[in-house]
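# Descriptive structure summary
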Amino acid sequence: MATLSQWVAGARLRTLPIVIAPVVIGTAAAVGETGLFHWFRFLLALCVGLLLQIGVNYSNDYSDGIRGTDDERVGPLRLTGSKLTEPKNVRNAAFACFGLAAVLGLVLVVLSQAWPLLLIGVAAIFAAWGYTGGKNPYGYRGWGDVYVFIFFGLVATLGTAFTQSGTFTLTALLGAVGTGLIGCALLMANNVRDIPTDTEVGKITLAVRLGEHNARLAYVLMLAVAILLPLLVTGTFPWMWLVLVTFLPAAAPSLTMLRQAELSKLVIVLKQTGIVNMVYAVLFAGAILVPMWLR
């Protein structure tokens with residue numbers, strides 16, 4: 001039977017910045033537009049995102065484990081693949097996370113009157129399961145990166161902004177694209193490490209399609225584009241140049257991706273990319289909010 005610490009490890013907490021960042025960015029963009037901050041809606045959006053991401057991680061653990069994809073996996077602990085618990089327990093944990101996310105998401109929609117998000121929320125849950133679950137998972141055909149960009153970039157950021165202000169702005173959109181690209185970079189780093197085992201079991205991720213060399217370059221390019229994008233709104237938010245500071249924490253994982261030939265040593269890049277995402281979100285939000293507070 002898996003211990004509590006093993007369940008926590010299986011939740012893969014290092015991936016959580018992928019959902020914290022868009023909520024921070026979306027909220028800041030909305031506050032910059034209206035001057036109003038709805039703290040309870042912010043917390044609800046954050047909880048929904050965290051539960052969906054943990055649910056995705058458990059879902060992937062279960063689906064990859066029963067297919068044998070994780071039998072020779074290098075990297076974070078897998079509950080199913082390591083046979084630490086029955087597969088159905090991991091599946092049920094994923095469903096529990098999705099269910100609680102749906103309940104909290106409904107509360108958020110009711111409070112904010114953001115009714116279009118109901119259908120988007122349902123689509124997000126089905127997409128989360130279909131990533132590696134079901135008979136024909138799209139994550140095995142190279143579409144996982146599209147899922148991350150859409151749901152953990154565009155939907156998470158713009159959806160959060162909409163629940164705060166009822167509107168979308170160019171600033172929110174640029175932040176959504178930026179954090180979505182960083183999320184895709186994190187997934188790319190994970191999949192570059194797994195290219196040999198994924199190829200062996202027929203899991204054709206985007207990294208497998210691109211090849212190791214091009215996938216490594218794509219990681220660096222996605223980070224660079226994400227960091228430069230906010231400069232497009234310096235006319236509205238002059239402090240947005242602060243986001244360029246994100247190049248500092250992005251340097252280490254980028255160099256590792258370009259120079260480290262041993263795939264098993266790319267695990268550190270996952271943690272570093274998560275830090276990049278959080279620094280990006282904090283600087284993006286600060287560029288909007290600090291000048292407001294200084295007025």
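Structure's up top.
Residues numbered from 1 in each chain as written. Predicted model: local features only at pLDDT ≥ 70, side-chain atom pairs only at ≥ 80, totals over all residues. Heavy atoms only, no water.

### A short note on the overall build of the chain
What the chain contains, in helices and strands, is 12 helices and zero strands. A compact globule built from 295 residues should have a C-alpha radius of gyration of about 19 Å, and the chain, at 19 Å, falls within 12% of that. Out of the 295 residues in the chain, the part that is buried amounts to 54%. Taking the intrachain contacts of the chain between residues at least 6 apart in sequence as the baseline, contacts between residues at least 24 apart amount to 75%. Distance between charge centroids for the chain: 6 Å, based on 19 positive and 13 negative side chains. (Helix = DSSP H or I, 4+ residues; strand = E, 2+ residues; numbered from the N terminus. Rg over C-alpha atoms; globule rule 2.2 N^0.38 Å. Buried < 20%, exposed > 50% of the residue type's maximum accessible area, 1.4 Å probe, protein only. Contact = heavy atoms within 4.5 Å. Lys, Arg positive; Asp, Glu negative; His and termini not counted. Charge placed at Lys NZ, Arg CZ, Asp CG, Glu CD.)

### Some points on the side chain of Thr246
Position of Thr246 relative to the elements: it lies in the loop between helix 10 (212-228) and helix 11 (247-259). Overall, Thr246 belongs to the buried group, its relative accessible area being 0%. The residues touching Thr246, leaving out its near neighbours within four places in the chain, are Ile227, Val276, Val279, Tyr280 and Leu283.

### A look at the nonpolar core
Counting 72 residues, the largest nonpolar core has Tyr58, Tyr147, Met188, Val192, Tyr219 and Met240 as its most contacted members. With 11 residues, helix 12 (residues 267-294) is the largest single contributor of residues to this core. Residues within four places of Met188 in sequence aside, it is in contact with Asp145, Leu206, Ala207, Leu210, Ala215, Ala218, Tyr219 and Met222. (Core = buried A, V, L, I, M, F, W, Y, C linked by side-chain atoms within 4.5 Å.)

### Comments concerning the environment of Arg41
The residue Arg41 is located in helix 3 (residues 39-67) in this model. Among the residues examined, Arg41 registers a relative accessible area of 18% and is labelled buried. Arg41 sits 122 residues away from Thr163 along the chain, and the two C-alpha atoms are 7.1 Å apart. Residues in contact with Arg41, not counting those within four places in the same chain, are Leu108, Leu111, Ser112, Thr163 and Gln164.

### Things to note about a nonpolar patch on the surface
A cluster of nonpolar side chains, contributed by Phe37, Trp39, Phe40, Leu43, Leu100, Val103, Val107 and Leu111, occupies part of the molecular surface with about 740 Å² of accessible area. Listing elements by their share of the nonpolar patch, those giving two or more residues are helix 3 and helix 4 (87-112). Element by element, the count of residues in the nonpolar patch is highest for helix 4, at four residues. With respect to the helices and strands, Phe40 occurs in helix 3. You can call Phe40 partly exposed: its relative accessible area is 40%. (Patch = residues over 30% accessible without salt bridge, like charges linked within 9 Å, V, L, I, M, F, W, Y side chains within 5 Å. Areas by Shrake-Rupley, 256 points an atom, 1.4 Å probe, with all protein chains shown as cover. Salt bridge = Lys/Arg side-chain N within 4 Å of Asp/Glu carboxyl O.)

### Some remarks on the packing of aromatic side chains
Two descriptors summarise a pair of aromatic rings, namely the distance from one centre to the other and the angle between the planes of the rings. Counting across every chain of the model gives 12 aromatic pairs. Relative to Tyr58, the ring of Trp7 lies with its centre 5.5 Å away and its plane at 75 degrees, an arrangement referred to as edge-to-face. Here Trp7 is found in helix 1 (residues 4-10), whereas its partner Tyr58 is found in helix 3, with 51 residues between them in sequence. Between Phe95 and Trp129 the ring centres are 5.0 Å apart and the planes differ by 50 degrees, which places this aromatic pair in the tilted class. With Phe95 in helix 4 and Trp129 in helix 5 (residues 117-130), this pair connects stretches of sequence that are 34 residues apart. (Phe/Tyr/Trp six-rings, centres within 6.5 Å; stacked < 30°, edge-to-face > 60°.)

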